[in-house]
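# Structure assessment
Residue strings, one per chain:
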Amino acid sequence: MTFPELLITALAALDREAPHYAREMARALGAVSVGITVDGEAVRLRASSGVIGADRSGDNACVRIVTRSDTVVDLVDGRSRIVDAVETGRLQAWGTPSDLETVDVALQHFLSGAVRGSNVRELWIRYRRAACGTHAKDEE
Amino acid sequence: MFALPLQSSLGRSIELGDYLRRSPLRLGEAPGHKEWLHFVVSSPGIHLLVNFSFADATDASGRPAGREEARLIALLCDSDGWTGGVTAPPWSDTSVVGGAIAARIGGSQVVWRDGVFAIDLDEPELDLTGSLRLHPVTFPSVVHNFPLGPDRRMHWFMLPRLWCSGTVVARGRVHELRGAPAYHDHNWGAFGWGGDYSWQWGFGLPEMLADPWSVVFLAMHDRRGHHADVRGVFVWRHAREKRLFRDRDVRVTSSGVWYPEHIHKVPGVMRLLAPGTATSVPAQLTIEARGHGDELRCVFRPCAVAQIIVPNDADAGLTILNETAGEVHVEGRIDGESFQFDSETVVEFLGA
């Protein structure tokens, strides 16, 4: 499973399982779009008419984030903090301070819904398994 | 350890009180059941916490999901700090026997057999494996109907003192346990996380088995910690419960601010939702109990904390259980007999 697949499927699951958090995420994001590239694969996150969604495009985003799947795994598993990943260059982010703050608030809503449902958790387990395989191969 | 009749009646009292209740959901009753078997081993240089937990699942909006879910919490604290975490395998990979003391969650299990709790941990993802045998020393005590909100109640079976032998391997480091003091309890009831309650509870167990005193204390407050609802200090001498101090007999004082350098937060994803190192754990917790010529004083000082972070059932907030390793000094006089000891312990501070 790639990061774009994870995000697109997880947002659909969030909308089904935790519509309140999906709406709050869309409200927080407003007009700010986010292009995320993980292991070279791009996905764009945005809200439209109060509905959160993602598509496979990294272009023309207000905020751009570039990282690797092993960094994503370390962040979600609690082994690393976002600030540490940024400071060490493992995660690069471009955007105005205001837009970056907006993305952080939207992320909090996403996570608040995700930890309350079972589907996103199961997706995450599949993603982590795939990500660990990817970078184990890289290091061989 | 004991003459056979005592050992036999002790075992019987555990079988009669500690069996898994299971969710009444299957019987068509209201959802909201939570239940766990909790074990803590504390001896110099090591604290191990293992919790087998079963609950009615809720959906992301806090509504009953019509199914159960299981979680295993396995945490170990040594000179390298806390490690371990939480696993939540699918229900199909769980086995729990209502009416018995037997449960398996993923690769880990607990079973009561031949008068001993046998715990086997197989959690490679948490970097924690082990095999332990816990032998009860004291008779249990049971407290029913702790109020945790309107029509919400929790029950508490506590077995304050066991001795533990076995091996635990954490991060590749092998810990051999030989006669280490241990505590066990079992909570069950129908309640939600994030209600108008908080608690502090802990235990004091002497390192030497020949030292007869065992102590458990509890203070329950409203969510903000302003109003005390229930206070209790339970004292055992050898196998039997000797003294119970309640409510007005008990004074609980938190003093100072404690700044841990690091907090081990589990599950790891919760670090993104609850970052930082602020806690509700004070620099010192003092429990004083007095009545009818008896008195007891426990002073706890923390040294390392792991946070188990749980989403609230009814709102967007989080409940944080601070599993706090440290040292407790206990001194008292019961029935004219004075005693004191210092020991390692884990005190739990539950708060928002």
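Residues numbered from 1 in each chain as written. Chains lettered and ligands numbered in written order. Predicted model: local features only at pLDDT ≥ 70, side-chain atom pairs only at ≥ 80, totals over all residues. Heavy atoms only, no water.

## Let's talk about the packing of aromatic side chains
Residues and elements named next belong to chain B. This is how it is decided: Two rings from Phe, Tyr or Trp (for Trp, the six-membered ring) form a pair when their centres are within 6.5 Å of each other. A pair whose planes differ by under 30 degrees is stacked, one over 60 is edge-to-face, and the rest are tilted. Strands here are runs of E lasting at least two residues and helices are runs of H or I lasting at least four, both read from the DSSP assignment and numbered beginning at the N terminus.
Per the counting criterion, the structure on display carries 16 aromatic pairs over all chains. Summarising the aromatic geometry, the rings of Phe146 and Trp156 are spaced 5.8 Å apart at their centres and angled 50 degrees between planes, so their arrangement reads as tilted. Placement of Phe146 in strand S10 (residues 141-147) and of Trp156 in strand S11 (residues 153-170) is noted, with a sequence separation of 10 residues between them. Ring plane angle 85 degrees and centroid distance 5.7 Å describe the contact between Trp156 and Phe234, whose orientation is recorded as edge-to-face.

## Description of the pairing of strand S7 (residues 108-113) of chain B
Residues and elements named next belong to chain B. Where we set the bar: Two strands are counted as paired when DSSP detects at least two bridges linking them.
Across four bridges, the pairing between strand S6 (residues 102-105) and S7 is antiparallel. By the bridge assignment for S7, Ala102 is matched with Val111. Linking two consecutive strands that pair antiparallel, namely S6 and S7, is a turn of two residues; a positive phi of about 60 degrees is found at Gly106 within it. For S7 and strand S8 (residues 116-123), the ladder comprises five bridges, and the chain directions are antiparallel. Residue Val110 lies in a different strand from S8, and its bridge partner there is Ile119. Here S7 folds back onto S8, and the loop between the two strands holds two residues, one of which, Asp114, carries a positive phi near 55 degrees.

## Overview of the pairing of strand S21 (residues 318-334) of chain B
All names here are of chain B. Inclusion rule: When accessible area is computed with a 1.4 Å probe and restricted to protein chains, residues below 20% of their type maximum are described as buried, those above 50% as exposed, and intermediate ones as partly exposed.
Where burial is concerned, most of S21 is hidden: 14 out of the 17 residues are buried. Examined bridge by bridge, strand S20 (residues 294-311) and S21 share 16 bridges and lie antiparallel to one another. Its bridge partner lying in S21, Ile309 is registered against Ile320. Between S20 and S21, which follow one another and run antiparallel, lie six residues. Here S21 runs beside strand S22 (residues 337-351); their pairing, made up of 15 bridges, is antiparallel. Directly across from Arg333, in S22, lies its bridge partner Ser338. Joining the antiparallel neighbours S21 and S22 is a turn of two residues, in which Asp335 adopts a positive phi near 55 degrees.

## Details of the sheet that holds strand S1 (residues 34-38) of chain A
Residue and element names in this part refer to chain A. Rules: Axis definition: a line fit to C-alpha positions, over the contact stretch in the case of helices; interaxial angles, taken between N-to-C directions, run 0 to 180 degrees.
Strand order in the open sheet formed by five strands is S3-S2-S1-S4-S5, and the pairing between neighbours is mixed. Strand pairing shows two members of the sheet lacking a second neighbour, strand S3 (51-55) and strand S5 (91-94), which therefore form its edges. Shown here is a sheet whose adjacent strand axes are inclined to one another by a mean of 15 degrees, direction ignored. Pairing between strand S2 (residues 41-48) and S3: five bridges, direction antiparallel. Residue pairing for S3: Arg46 is matched across the bridge by Gly53.

## Focus on helix H3 (residues 69-76) of chain A
All names here are of chain A. For H3, the tally of buried residues reaches eight of eight residues, placing the bulk of the element in the interior. Those residues of H3 lying buried are Ser69, Asp70, Thr71, Val72, Val73, Asp74, Leu75 and Val76. Remark: Gly78 follows H3 within two positions and exhibits a positive phi of approximately 80 degrees.

## Comments concerning the interface of chain B and chain A
Much of the literature gives interface size as the accessible area that the parts lose upon coming together. Defined as follows: In this analysis, two residues are considered to be in contact whenever any of their non-hydrogen atoms come within 4.5 Å of each other. Two parts placed together each lose some accessible area under a 1.4 Å probe, and adding up what both lose gives the buried area. Salt bridge, as applied in this entry: a Lys or Arg side-chain nitrogen positioned within 4 Å of an Asp or Glu carboxyl oxygen. Whenever two N or O atoms come within 3.5 Å, that pair is a polar contact, provided that in protein one can donate a hydrogen and the other can accept it, and provided that, for residues adjacent in sequence, both atoms are side-chain atoms. Classification used: nonpolar for Ala, Val, Leu, Ile, Met, Phe, Trp, Tyr, Cys and Pro, charged for Asp, Glu, Lys and Arg, polar for all others including Gly.
If you look at the interface, chain B gives 19 residues, while chain A gives 22 residues. Among the residues of chain B in contact with chain A, Ala60, Leu272 and Leu273 of chain B are the three that bury the most area, contributing 41% of the side total. Between Arg128 of chain A and Glu125 of chain B there is a salt bridge, with the nearest N and O atoms lying 3.7 Å from each other. Connecting chain B to chain A are six residue pairs in polar contact (both at pLDDT 80 or more). Counting residues per element, the ones that place at least two in the side of chain B that touches chain A are strand S3 (64-78) and helix H2 (270-273) of chain B. Considering every element that reaches the side of chain B that touches chain A, the biggest residue donor is H2 of chain B, with four residues. Its residues assigned to classes, the side of chain B that touches chain A shows seven nonpolar, five polar and seven charged.

## Quick look at the side chain of Glu348 of chain B
Residue and element names in this part refer to chain B. Stated precisely, the cut-off is as follows: We score Asp and Glu as negative and Lys and Arg as positive, and we do not count His or the chain ends.
Its location among the elements puts Glu348 in strand S22. We note that Glu348 is buried and unpaired, the nearest opposite charge coming from Lys34 at a distance of 14 Å. At a separation of 2.7 Å, a polar atom in the side chain of Glu348 contacts the side chain of Trp199. When neighbours within four sequence positions are excluded, Glu348 is seen to be in contact with Trp199, Gln200, Trp201, Leu321, Asn322 and Glu323.

## Looking at the nonpolar core
This is how it is decided: For the purposes of this section, nonpolar cores are sets of buried Ala, Val, Leu, Ile, Met, Phe, Trp, Tyr and Cys residues that join through side-chain atoms within 4.5 Å.
If you look at the biggest cluster of nonpolar residues, it comprises 49 residues, and the most contacted ones within it are Phe3, Ile52, Phe110 and Tyr127 of chain A. Counting 40 residues, the second largest nonpolar core, distinct from the first, contains Leu48, Ala74, Ile101 and Leu128 of chain B.

## Some points on the side chain of His186 of chain B
Residue and element names in this part refer to chain B. Along the chain, the position of His186 falls in strand S12 (residues 173-190). There is a polar contact of 2.8 Å between the side chain of His186 and the side chain of Glu35. What His186 contacts, discounting residues up to four positions off in sequence, is Asp18, Tyr19, Leu20, Arg21, Glu35, Trp36, Leu37, His155, Trp156 and Phe157.

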